[in-house]
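# Analysis of the macromolecular model
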Amino acid sequence: MKIVMPGGTGQVGAVLKGALETAGHEVVILTRLPRREGEVQWDGRTLGPWAAVVDGSDVVINLAGRSVSCRYTAANLREMMNSRVDSTRVVGAAIAAAARPPRVWLQMSTATVYAHRFDAPNDEATGVIGGTEPGVPDYWAYSVEIAKAWEQAQQQSETPATRKVALRSAMVMSPDSGGVFAVLLGLARLGLGGPVAGGAQYVSWIHEHDFVRAVEFLIDREDITGPVNLAAPHPLPQRAFMRTLRSAWGVPVGLPATKWMAEVGAFALRSDTELLLKSRRVVPGRLTGEGFDFQYAQWPQAADELVRRMGKHGGGGSATRW
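In this report, we go over the structure that sits alongside the text. In this text the structure is predicted, and so the values were computed from the model without any measurement. (Residues numbered from 1 in each chain as written. Predicted model: local features only at pLDDT ≥ 70, side-chain atom pairs only at ≥ 80, totals over all residues. Heavy atoms only, no water.)

## Points about the pairing of strand E2 (residues 26–31)
Across the six residues of E2, five count as buried, placing the element largely inside the fold. Note: strand E1 (residues 2–6) against E2, five bridges, orientation parallel. In the sheet register, Ile3 faces E2, and the bridge partner there is Val27. The handedness of the E1 to E2 crossover, carried by helix H1 (residues 11–22), is right-handed. As paired elements, E2 and strand E3 (residues 39–41) share three bridges and run parallel to each other. Residue Leu30 lies in a different strand from E3, and its bridge partner there is Val40. (Buried < 20%, exposed > 50% of the residue type's maximum accessible area, 1.4 Å probe, protein only. Helix = DSSP H or I, 4+ residues; strand = E, 2+ residues; numbered from the N terminus. Pairing = 2+ DSSP bridges. Right-handed = clockwise from strand over helix to strand, strands pointing away.)

## A closer look at the side chain of Asn62
With respect to the helices and strands, the residue Asn62 is situated in strand E4 (residues 59–62). Separated by 3.1 Å, the side chain of Asn62 and the backbone nitrogen of Ala64 make a polar contact. Residues within four places of Asn62 in sequence aside, it is in contact with Pro6, Trp42, Ser87, Thr88, Val91, Trp105, Leu106, Gln107 and Met108. (Polar contact = N/O pair within 3.5 Å; in protein donor to acceptor, adjacent residues only side chain to side chain. Contact = heavy atoms within 4.5 Å.)

## What to know about the pattern of salt bridges
Tallied over the entire structure, the rule returns 13 salt bridges. In this structure, Arg103 engages Glu222 in a salt bridge whose closest nitrogen and oxygen atoms are separated by 2.8 Å. Of this pair, Arg103 sits in the loop between helix H2 (74–97) and strand E5 (104–108) while Glu222 sits in the loop between helix H5 (208–220) and strand E10 (226–230), and the two are 119 residues apart along the sequence. Residue class for Arg103 comes out partly exposed when judged on its relative accessible area of 28%. A relative accessible area of 47% means that Glu222 is categorised as partly exposed. Measuring nitrogen to oxygen at the nearest pair gives 2.7 Å for the salt bridge that ties Arg168 to Glu151. Of this pair, Arg168 sits in strand E6 (residues 163–169) while Glu151 sits in helix H3 (residues 138–155), placing them 17 residues apart in sequence. Taken individually, Arg168 and Glu151 each receive the classification buried, so the pair is uniform in this respect. Among the charged side chains, a network of salt bridges with common partners joins Arg103, Arg163 and Glu222. (Salt bridge = Lys/Arg side-chain N within 4 Å of Asp/Glu carboxyl O.)

## Digging into the nonpolar core
Among the nonpolar cores identified, the biggest contains 33 residues, and Leu16, Ile61, Leu218 and Leu230 are the most heavily contacted of them. Listing elements by their share of this core, those giving two or more residues are E1, H1, E2, E4, E5, E6, H5 and E10. Ranked by the residues each element gives to this core, the list is headed by H5, at seven residues. Setting aside its immediate chain neighbours within four residues, Leu218 contacts Leu106, Arg163, Val165, Leu167, Ile224, Val228, Leu230 and Leu287. By size, the runner-up hydrophobic cluster in this structure holds 23 residues, among which are Phe241, Met242, Ala302 and Val307. (Core = buried A, V, L, I, M, F, W, Y, C linked by side-chain atoms within 4.5 Å.)

## Quick look at the packing of helix H6 (residues 238–249) against helix H10 (residues 299–310)
Packing of H6 against H10 brings their axes to within 9 Å, and their N-to-C directions diverge by 40°. As far as their axial angle goes, H10 and H6 are oblique. Crossing of H6 against H10: the hand is right-handed. Note on element contacts: H10 touches H6 through Trp299, Pro300, Ala303, Asp304 and Val307, opposite Phe241, Thr244, Leu245, Ala248 and Trp249. (Axes fitted to C-alpha atoms, helices over the stretch in contact; angles between N-to-C directions. Parallel < 35°, antiparallel > 145°, perpendicular 65-115°, else oblique. Left-handed = near helix turned anticlockwise from the far one by under 90°.)

## Quick look at H3
Compared with the 26 Å implied by 1.5 Å per residue over 18 residues, the 26 Å span of H3 between its first and last C-alpha is a close match. Those residues of H3 that sit buried are Trp140, Ser143, Val144, Ile146, Ala147, Ala149, Trp150, Glu151, Ala153 and Gln154. (Expected span 1.5 Å × (residues − 1).)

## Some remarks on the packing of aromatic side chains
Taken as a whole and judged by the stated rule, the model has six aromatic pairs. Measuring from centroid to centroid gives 6.4 Å for Phe181 and Trp299, while their planes differ by 75°, and the two rings are edge-to-face. A residue pair is termed long-range when its members are at least 10 positions apart, and Phe181 in helix H4 (residues 180–189) and Trp299 in helix H10 qualify at 118 residues. Both residues of the pair, Phe181 and Trp299, belong to the buried class. Relative to Trp299, the ring of Phe241 has its centre 4.3 Å away and its plane inclined at 10°; by these criteria the two rings are stacked. With Phe241 in helix H6 and Trp299 in helix H10, this residue pair connects regions lying 58 residues apart in the sequence. Given a relative accessible area of 1%, Phe241 falls into the buried group. On the accessibility criterion, Trp299 (1% relative accessible area) is buried. What links up through ring pairs into an aromatic cluster is the set Phe181, Trp205, Phe241 and Trp299. (Phe/Tyr/Trp six-rings, centres within 6.5 Å; stacked < 30°, edge-to-face > 60°.)

## As for the sheet that holds E3
Across a sheet, paired strands are connected by hydrogen bonds in the backbone, their directions being either parallel or antiparallel. Strand order in this open sheet of seven strands is E3-E2-E1-E4-E5-E6-E10, and the pairing throughout is parallel. Of all strands in the sheet, those with a lone pairing partner are E3 and E10, marking the two edges. Taken pair by pair, the neighbouring strands of this sheet meet at an average axis angle of 25°, ignoring direction. Pairing analysis gives five bridges linking E6 to E10, with the strands arranged parallel. Along E10, the bridge assignment pairs Arg168 with Asn229.

Structure below.
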């Protein structure tokens, strides 16, 4: 198959590209700064010569959007919104204009669309969409609006010959430097991987191998459309998540952090506390209901495997994806 991946130069794109090329597929990356063979220039906003690679392709997997690993300033939030919506609209326009459109368009989305909650898991059928939770920062609602607008941009694209799936992905765990697993493991290795603000907030995650397998599953299943949660079936509280990660690396103690300490740490990491404090209790209702079998359903198994590959020398990769 010929697979086109807008925004495929970051961690998730590298994971997918490596696996899909190993499986024998041709992968073309759309990026603002092409540097190697198989990369084509685009700006993520307007149609251009790049659209020719979409025409005649089999699959489009759109990963484009400004990284969420930043401070959630008003300017950065606007850029997150615009980069996601603009790129999705223009991908839809390229598919609509194609003489031979791809048969499926997988559009990256996010598990952040669901509400901050502890009482029950969020699946696609019964999950609560966020934005109105009491007692959370106002800008958390804007993160939900970004996710909703992202998905609406795909839904509203007129692509009748192309099946559309929105990938509501949890954090993809891979041993690459710059990825979320490397950041969390780095905190654990420094003895800082304890409970944050009590640690009751749920962490949803998916092992990179299951992420790739789920993408392949959704490419093959012609009967699946709309939002699909890409998350392991057993999210767990942050305190248990980090305790398991410390155990996998052999770190006995993790210092707890209060909410204000998390603010300081997030500022130092040029990130935001929403990534640490929001309870993302997301489960893959549609995947499991359609018979998808997770290789890494439980976090202890996944953490042990990732730590073994991480080794004592770290990984490699990039966190950007434009």
